[in-house]
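Okay, here's what each chain looks like letter by letter:
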Amino acid sequence: MKGLGTLVDVLAILLAGGVGAIFQRRLSPFVRKLLLQIVGFAAIVMGAMGAWDAFFVLDGESFEMGGSILVILSLVAGSAIGWLLHAQDGLGWIGRLFGRLSEPEAPKNKPRENHRKRVAAPAVGDDGLIEVGAGSSFADGFVVASVLCAFNSFALSGAITEGTVGDANLLYIKAAIDAVLVAMLALIYGSGVAFASVSVLVIQGGVTLIGALWPAVFTADLTDQLSLIAAIMSIVAGGMLCVGKRMRAGDMIPSLFVPPLWILILKAITAYLGTAE
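Residues numbered from 1 in each chain as written. Predicted model: local features only at pLDDT ≥ 70, side-chain atom pairs only at ≥ 80, totals over all residues. Heavy atoms only, no water.

(A) Up close: the packing of aromatic side chains. Using the criterion set out here, one finds three aromatic pairs in the structure. A ring pair is formed by Phe-98 and Phe-195, whose centres lie 5.1 Å apart and whose planes are at 25°; its orientation type is stacked. Here Phe-195 lies in the loop between helix H7 (169-189) and helix H8 (196-213) and Phe-98 lies in helix H4 (residues 87-102), a separation of 97 residues in the sequence. Residue classification places Phe-98 among the buried positions, given a relative accessible area of 16%. The interplanar angle of 55° and the centroid separation of 5.4 Å between the aromatic rings of Phe-138 and Phe-195 together place this pair among those described as tilted. In this pair, Phe-138 is assigned in helix H5 (residues 137-150) and Phe-195 in the loop between H7 and H8, connecting sequence segments 57 residues apart. Relative accessible area serves as the criterion here: at 25%, Phe-195 is assigned to the partly exposed category. Three or more aromatic residues link up through ring pairs in this structure, and these residues are Phe-98, Phe-138, Phe-142 and Phe-195. (Phe/Tyr/Trp six-rings, centres within 6.5 Å; stacked < 30°, edge-to-face > 60°. Helix = DSSP H or I, 4+ residues; strand = E, 2+ residues; numbered from the N terminus. Buried < 20%, exposed > 50% of the residue type's maximum accessible area, 1.4 Å probe, protein only.)

Structure below.
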């Protein structure tokens, strides 16, 4: 059944996030920092593996780099758009919304937060957490887990493969990896990371649905380009977590929409020129 891989991944994230959150308060700040660095290193390794597969193509006895110019342009343009639109701040706003829904007893007399306002808090808090500017540890955990689990090369290539040919094996492997990462993040940030299952359901499920309905959309070149962009996002996010810098990889999310938009523009121009002749 198409979509089963995403459902397994969502359940794995929910279970791992719930279990990890139970033991969150028992960890010292030092252990939290160490765990976060481990998660960051794992994200770098996963991103490097995805980038190698998507960027380097074996042609006979030599390697060729595929789609490098479009990928670079997509990252530059998409990151600029994400920064202007405050993409990661919007993701943080969603995290705070989930936090309010899950904790209705929280005080409501706080001033209204504007998700478009950039938070200037230090990257590393007193409790050892690396903040991402979402406004709370709950929302920070949601943002970090969403970026690492929903916007990586395994998520996109696995969802595309499941949608187009019905093979969910890559997503099953990803579910096991996500369970470990989310459990570690839940030990750091708490139950907010479990809500990243919603991001995974929307992104992976959406890509799988598109692949099932219109499989011709995901050509080999487009799949490699999307996987490479997502892999670079994972490397950037993991690197920031490792060195204790504020993670702003969420602002790179619009980069994933540039290659398909470029393809649509080229097809429209080609169709227009064809009719003009």
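The rest of the description comes next.
(B) Structural detail: the packing of helix H1 (residues 4-22) against H8. Interaxial distance between H1 and H8 falls to 9 Å at its minimum, and their mutual angle equals 170°. Considering their axes alone, H1 and H8 lie roughly antiparallel with respect to each other. Two secondary-structure elements touch here, H1 through Thr-6, Leu-7, Asp-9, Val-10, Ile-13 and Leu-14 and H8 through Ser-197, Val-200, Leu-201, Gln-204, Gly-205 and Thr-208. Residues belonging to the contact of H1 with H8 are distributed by class as follows: six nonpolar, five polar and one charged. (Axes fitted to C-alpha atoms, helices over the stretch in contact; angles between N-to-C directions. Parallel < 35°, antiparallel > 145°, perpendicular 65-115°, else oblique. Contact = heavy atoms within 4.5 Å. Nonpolar A, V, L, I, M, F, W, Y, C, P; charged D, E, K, R; others polar.)

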